[in-house]
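These are the residues of each chain, in order.
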Amino acid sequence: MLYLVHMVVNIPASVPAEEAARIKAAEKAYSQQLQESGQWPHLWRVVGEYANYSVFDVASNDELHNTLSQLPLFPYMQITVTPLAKHPSSIR
Ligand SMILES: O=C(O)C[C@H]1C=CC(=O)O1
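Scope of this entry: the structure provided in the associated data block. (Residues numbered from 1 in each chain as written. Predicted model: local features only at pLDDT ≥ 70, side-chain atom pairs only at ≥ 80, totals over all residues. Heavy atoms only, no water.)

What to know about the site of the ligand
Taken together, Val9, Glu27, Lys28, Ser31, Trp40, Leu43, Arg45, Tyr50, Asn52 and Leu73 are the residues near the ligand. Separating an oxygen atom of the ligand from a side-chain N or O atom of Asn52 is a distance of 2.8 Å. Notes on the ligand: free accessible area 280 Å², of which the protein chains cover 88%. For the ligand, the cavity whose grid points lie within 2 Å of the majority of its atoms is the largest pocket. Listing elements by their share of the shell around the ligand, those giving two or more residues are helix H1 (17–37) and strand E2 (42–45). Of the residues forming the shell around the ligand, the biggest block, 3 residues, is contributed by H1. Here the residues of the shell around the ligand sort into 5 nonpolar, 2 polar and 3 charged. (Near = heavy atom within 4 Å. Polar contact = N/O pair within 3.5 Å; in protein donor to acceptor, adjacent residues only side chain to side chain. Areas by Shrake-Rupley, 256 points an atom, 1.4 Å probe, with all protein chains shown as cover. 1 Å grid on protein atoms, 1.4 Å probe; cavity = no way out; pocket = protein on both sides within 12 Å on 5 of 7 lines; lining within 4 Å. Sits in = over half its atoms within 2 Å of the grid points. Helix = DSSP H or I, 4+ residues; strand = E, 2+ residues; numbered from the N terminus. Nonpolar A, V, L, I, M, F, W, Y, C, P; charged D, E, K, R; others polar.)

See the structure below:
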């Protein structure tokens with residue numbers, strides 16, 4: 001199943017810079033692991049924002065929730081999920 005996911009990151013100023021850098025490095029490693037496995041086939045930066053639009057390819061709502069909730073930045077993100085279905089006019 002495909003899901004369009006919008007993530008907006010907001011790390012509070014109260015989080016020390018070294019801790020924020022550690023969380024971002026862990027997030028990068030985890031996201032690249034998911035990209036390599038095919039579960040996170042698209043990751044796009046929103047121009048001018050600390051936000052992204054992503055496409056996840058996972059088996060179920062539960063798998064997506066489990067995957068997203070393990071993101072190191074999860075406590076600092078607003079996440080919006082849109083399930084995608086095949087468009088009847090799509091040639092792919
Ligand atoms: O930077 C972001 O948009 C948040 C998150 C998604 C992948 C990653 O490495 O960080």
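Right, picking up where we left off after that structure.
With respect to the environment of Leu68
Within the element layout of this structure, Leu68 appears in helix H2 (residues 61–69). The class of Leu68 is buried, set by a relative accessible area of 6%. In this view, Leu68 contacts Val5, Met7, Phe56, Phe74, Ile79 and Val81; residues no more than four positions away in its chain are not counted. (Buried < 20%, exposed > 50% of the residue type's maximum accessible area, 1.4 Å probe, protein only. Contact = heavy atoms within 4.5 Å.)

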